[in-house]
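Inside the fold
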Amino acid sequence: MTLLIATIRPQDALVTADGRSTLRTKGVVTGVDDRYQKIHPIPDHPLLLAHHGDNLLSGKPVKDFLAPFIKTLNPANHTIAQIADQLREYAHAPVRARLKALGKGFASGFWIIGFDDAPDRAGERRPRGVELFWKWEGDHLTYEEREWKPITVVAGGDGKKQIPGVSFKEIENATLDKVRAYHKTLMDAAIATDMKDNPVGGHVHEVRLTAEKWTWTIPPAG
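This one's a predicted model, so the numbers in the text were calculated from it and none came from an experiment.

About the thresholds
Residues numbered from 1 in each chain as written. Predicted model: local features only at pLDDT ≥ 70, side-chain atom pairs only at ≥ 80, totals over all residues. Heavy atoms only, no water. Helix = DSSP H or I, 4+ residues; strand = E, 2+ residues; numbered from the N terminus. Buried < 20%, exposed > 50% of the residue type's maximum accessible area, 1.4 Å probe, protein only. Phe/Tyr/Trp six-rings, centres within 6.5 Å; stacked < 30°, edge-to-face > 60°. Pairing = 2+ DSSP bridges. Axes fitted to C-alpha atoms, helices over the stretch in contact; angles between N-to-C directions. Contact = heavy atoms within 4.5 Å. Expected span 1.5 Å × (residues − 1). Arc of directions from axis to C-beta.

1. So, unusual backbone geometry
- Here the bond from Pro 150 into Ile 151 is cis, since omega is 0°, no more than 30 degrees from zero.
- Positionally, Ile 151 belongs in the loop between β11 (141–148) and β12 (152–156).
- In the Ramachandran plot, Ser 58 falls in the positive-phi region, its phi being about 55° despite a non-glycine side chain.
- As for its placement among the helices and strands, Ser 58 is situated in the loop between β7 (56–57) and β8 (60–61).
- For Ser 58, a relative accessible area of 49% corresponds to the partly exposed category.
- The backbone of Asp 197 shows a phi angle near 55°, a positive value even though the residue is not glycine.

2. Structural notes on the packing of aromatic side chains
- Going through the model one piece at a time under the given rule, you end up with 6 aromatic pairs.
- Relative to Tyr 90, the ring of Phe 69 lies with its centre 5.2 Å away and its plane at 40°, an arrangement referred to as tilted. With Phe 69 in helix α1 (residues 62–72) and Tyr 90 in helix α2 (residues 80–102), the pair connects residues that are 21 residues apart, well separated along the chain.
- Judged by its relative accessible area of 5%, Phe 69 falls in the buried class.
- Their ring planes at 90° and their centres at 6.3 Å tell us that Phe 110 and Trp 134 sit as a pair that is edge-to-face. A residue pair is termed long-range when its members are at least 10 positions apart, and Phe 110 in strand β9 (residues 107–115) and Trp 134 in strand β10 (residues 127–136) qualify at 24 residues. The same class applies to Phe 110 as to Trp 134, namely buried.
- Here a set of aromatic residues connected by ring pairs shows up, and it is made of Phe 65, Phe 69 and Tyr 90.

3. Comments concerning the sheet that holds strand β6 (residues 47–53)
- Across the sheet, 5 strands lie side by side as β5-β6-β9-β10-β11; this open sheet has antiparallel pairing. What marks the edges here is a single partner per strand, and that holds for β5 (39–41) and β11. The average undirected angle you get between the axes of adjacent strands in this sheet is 15°.
- The strands touched by α2 are β6, β9, β10 and β11; relative to β10, the strand with the most contacts, the crossing angle is about 20°.

4. Thoughts on helix α3 (residues 176–191)
- Here α3 contains 16 residues, and its C-alpha end-to-end distance of 22 Å stays within 8% of the 22 Å for a straight helix at 1.5 Å per residue.
- Those residues of α3 that sit buried are Val 179, Tyr 182, His 183, Leu 186, Met 187 and Ala 190. Seen end-on, α3 carries its buried residues on one side only, within an arc spanning 130°. Turned more than 90 degrees away from the buried face of α3, the exposed residues are Asp 177, Lys 178, Lys 184 and Thr 185.
- Taken together, the buried residues of α3 touch β1 (4–8), β2 (13–17), β12 and β13 (205–209).

5. Observations concerning the sheet that holds strand β14 (residues 214–218)
- Read from one edge to the other, the open sheet built from 5 strands follows the order β12-β1-β2-β13-β14, with strand pairing classed as antiparallel. Lying at the two open borders of the sheet, with one neighbouring strand each, are β12 and β14. Adjacent strand axes in the sheet meet at a mean angle of 15°, parallel and antiparallel pairs treated alike.
- Against the sheet, α3 engages β1, β2, β12, β13 and β14, with an angle of about 25° to β2.

In structure tokens, the structure reads:
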């Protein structure tokens, strides 16, 4: 239950998430946490992980589930695709077990967004993103993988159904402030949707990545 928004341009990437985690029991909402952290920057590297969908893995919130992976991760000399491979291997079995237990229609997805450690053929370091996405389809698990390169703006999670179609024309040559304002417009539209048990809400948090570092433009609730 989430809305993630990412803009990926040659010089930077911006990722925005809402802060709502919804607990459901037999399809009925039984609890809401509006201070849930969904973006997880990697210390000392221009790289982050983000999550959408069911967020209890191995009996833990995603932040705690990812902690051992992040602790042992060494992004140096690895591409974003290679880091995505490592995360897929780490997460696949717990995700499969969780979604199978929940049943048809439940899903879980990770975003890996950042700058490759090595420059490309043109000698430039460019950001890119990979999405790992699992869904339980009744009697089987489906898996999809997507890759994003500059220039891209994408949305993920249930909340993407609640926003107008995204357009890279809004962010291609825009200043950072304008990109942030565009993300806010999309997030505000999802949060304002008039619907029962809106899956989008809570404390919005946001990270900007450059080739040198990541920075919270809006810190998580903590």
